[in-house]
Amino acid sequence: MQATMDPHPGTFPVLSYVMSRLPSFGPRTPTSASASASSASASTSHSASTSGSHHVDIEQPPHSDASSSSIVGQMPNLANPEMLASMTRAISDVAQARSVFKVMGPRPTHEEVDEAKAKLADLEAHLSRQLEEIVGLPRPPEIDEARWTSHIAEKEKVIKESTEKEKRILKSIIQLDNMHDAYGKLLKDAEKRLVKIYENDGIDYDNNNENDEDDEDSVQVKEQVEGILKEAYGKGVERIALSGKRLKYLPEAFGHIPASVVLDVSSNQLSVIPDSICGLESLEELNLSSNALESLPESIGLLQKLKVLNVSGNKLSALPDSISKCSSLVELDASFNSLSYLPTNIGFELRNLQKLMIQLNKIRSLPSSICEMKSLRYLDAHFNELRGLPVAIGKLTNLQVLNLSSNFSDLKELPETFGDLINLRELDLSNNQIHALPDSFGRLHNLTKLNLEQNPVEVPPMHVVDEGLQAIKGFMSQRWIDILEEEEKKTTQEVQEQGENGWLTRSTSWLKNVSENVSEMIMSPKSPKEAYLNQQL
């Protein structure tokens, strides 16, 4: 359990004080505490319970007289029974959440969550291979088509059910981590709510006028949007900033502001972007981050002047193919989505792209066209499911920063062309399954920062890795020289052997001719050739 999840007096002083005064949140007995741990996190619960006085329990925040007197000294009205009653009612959602966490158990560690995600990906891949093998099984001639189809379906069902059991356990770990994230936000919101109640002399305006407040905010946002549109139709607006306005939709009319250069609608509740966005002919920067977008309109490819596009923190499973038409793009941030691939031709037309951020997705492979992004300087693809890199990755000769960390069990090797990334300065390969650096690695002369942690590296040997980057570069450079010398030696030897074989062939041919002529002379002394031979002699 991370300390940030605990309603500790230092982090949530008012919330901790109120909760410590409630009888329903009294100390639990050892029996009830042990019974509250779920089977899915038994080992974690055990380690947490054995940590003694150092363990902070969210089910029972530690009560400290010193901390209580301190907060009451700062907020003396907390001791008022009416104030306490009002605050108690305001944290009913926290009470309900805590009752759920009694049976859910403590939060898994980052390592446990990462391992669960990696294993989940492995299971999916293994299941896919098994199903492919089953489908490819030949039907025995003695079994008719209907029986064979039924047999195959049954085998698939058994494999899927078996895999699903393992997946459920792994998913429960990830889900538990997400629930703790949500609970942490709940605690923060509760603390803010209690402070407001105190400032309002015990009145909970959030609960009493929640709908009114939402309506008021909606009216204000609507007025602001209408004001922007009105001004745009009048004299034109170059920069539109509507970040964090709780917008649920973007009016079609926004597509009729051709003078707009910057549009920022980040941190809203947008689930769709209208096709009319293509009307923003002058748009250079578009920020759609932190919304609820599941797709982007194909018309986005008509934004020919767009230089910066940020769609991070959404629910995108794919980018539209038309994004390749945004030929002026210099920076693209599609991180923290659910992307499983990039458009096939994305690299052929985004020749000006310098910065590409696709971290925290589910991408298994990069399209070969990405090697045509000759202007690319920064590529972040960490925390994906990459199984390798395109063979021609070395064509990205302007690349300076490359982050391939945390692709876990999927990333096992790098192509030999990797050494052609002559301007690479920073490289992060941590948390992968790389056993050997490519032989060409020693050619990365400009590399100044390298992270190889959490890899089963054998080449170079671990003792060289422990000595640092310069030792690694030295080892790989010498290895490259040795390889070149060995190849040169082998080539020279082959040439020599070919030369000797050629001389021997010519000698054998000459001896054969002489032998034939001599034989003819001996066997046929009166032949027409005799005078000729004598003449030559």
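Residues numbered from 1 in each chain as written. Predicted model: local features only at pLDDT ≥ 70, side-chain atom pairs only at ≥ 80, totals over all residues. Heavy atoms only, no water.

**Digging into the packing of aromatic side chains**
Describing an aromatic ring pair means giving the distance of the ring centres and the angle of the ring planes. Tallying each qualifying case throughout the model produces zero aromatic pairs. Residue placement shows Lys355 over the ring face of Tyr378; its charged tip is 5.0 Å from the ring centre. (Phe/Tyr/Trp six-rings, centres within 6.5 Å; stacked < 30°, edge-to-face > 60°. Lys NZ or Arg CZ within 6 Å of the ring centre and 35° of its normal.)

**Here's the deal with the side chain of Asn432**
Mapped onto the secondary structure, Asn432 falls in the loop between β9 (426–428) and β10 (449–451). Separated by 3.0 Å, the side chain of Asn432 and the backbone oxygen of Leu404 make a polar contact. Not counting residues within four places of it along the chain, the set of residues in contact with Asn432 comprises Leu404, Ser405, Ser406, Asn407, Phe408, Leu411, Gln454, Asn455 and Pro456. (Helix = DSSP H or I, 4+ residues; strand = E, 2+ residues; numbered from the N terminus. Polar contact = N/O pair within 3.5 Å; in protein donor to acceptor, adjacent residues only side chain to side chain. Contact = heavy atoms within 4.5 Å.)

**Details of the packing of helix α5 (residues 81–90) against helix α8 (residues 145–199)**
In the contact formed by α5 and α8, the axes pass within 10 Å of each other and the chain directions differ by 150 degrees. Looking at the two axes, α5 sits roughly antiparallel to α8. In the crossing of α5 with α8, the sense of the turn from one axis to the other is right-handed. Taken together, the residues of α8 that come into contact with α5 (itself represented by Met83, Ser86, Met87 and Ala90) are Arg193, Leu194, Ile197 and Tyr198. Across the contact of α5 with α8, the residue classes tally to six nonpolar, one polar and one charged. (Axes fitted to C-alpha atoms, helices over the stretch in contact; angles between N-to-C directions. Parallel < 35°, antiparallel > 145°, perpendicular 65-115°, else oblique. Left-handed = near helix turned anticlockwise from the far one by under 90°. Nonpolar A, V, L, I, M, F, W, Y, C, P; charged D, E, K, R; others polar.)

**Some words on the pattern of salt bridges**
Scanning the entire structure with this criterion turns up seven salt bridges. For Glu349, the salt bridge is made with Lys325, and the minimal N-O distance between the two is 3.6 Å. Here Lys325 lies in the loop between β4 (308–310) and β5 (331–333) and Glu349 lies in helix α11 (residues 346–349), a separation of 24 residues in the sequence. For Glu349, a relative accessible area of 32% puts it in the partly exposed group. (Salt bridge = Lys/Arg side-chain N within 4 Å of Asp/Glu carboxyl O. Buried < 20%, exposed > 50% of the residue type's maximum accessible area, 1.4 Å probe, protein only.)

**Some points on the environment of Ser290**
Looking at where Ser290 falls in the secondary structure, it is placed in the loop between β3 (285–287) and β4. Relative accessible area serves as the criterion here: at 37%, Ser290 is assigned to the partly exposed category. Through-space distance from the C-alpha of Ser290 to that of Asn268 is 6.7 Å; in sequence the pair is 22 residues apart. Leaving out residues up to four positions away in the same chain, Ser290 has contacts with Ser266, Ser267, Asn268, Ser312, Gly313 and Asn314.

**With respect to the side chain of Asp264**
Turning to its location among the elements, Asp264 is positioned in strand β2 (residues 262–264). Buried and unpaired, Asp264 has no salt bridge, with Arg239 as the nearest side chain of opposite charge at 5.4 Å. (Lys, Arg positive; Asp, Glu negative; His and termini not counted.)

**Quick word on the nonpolar core**
The tendency in soluble globular proteins is for nonpolar side chains to be buried as a group. By size, the foremost hydrophobic cluster in this structure holds 73 residues, and its most contacted members are Leu286, Leu319 and Phe418. Contributing elements (two or more residues each) for this core: α12 (462–467) and α13 (469–523). Counting residues per element, this core draws most heavily on α13, which supplies four residues. Counting 19 residues, the second-largest nonpolar core is a separate cluster that includes Met19, Met83, Ala90 and Leu187. (Core = buried A, V, L, I, M, F, W, Y, C linked by side-chain atoms within 4.5 Å.)

Purely geometric stuff here, so don't read any function into it on its own.
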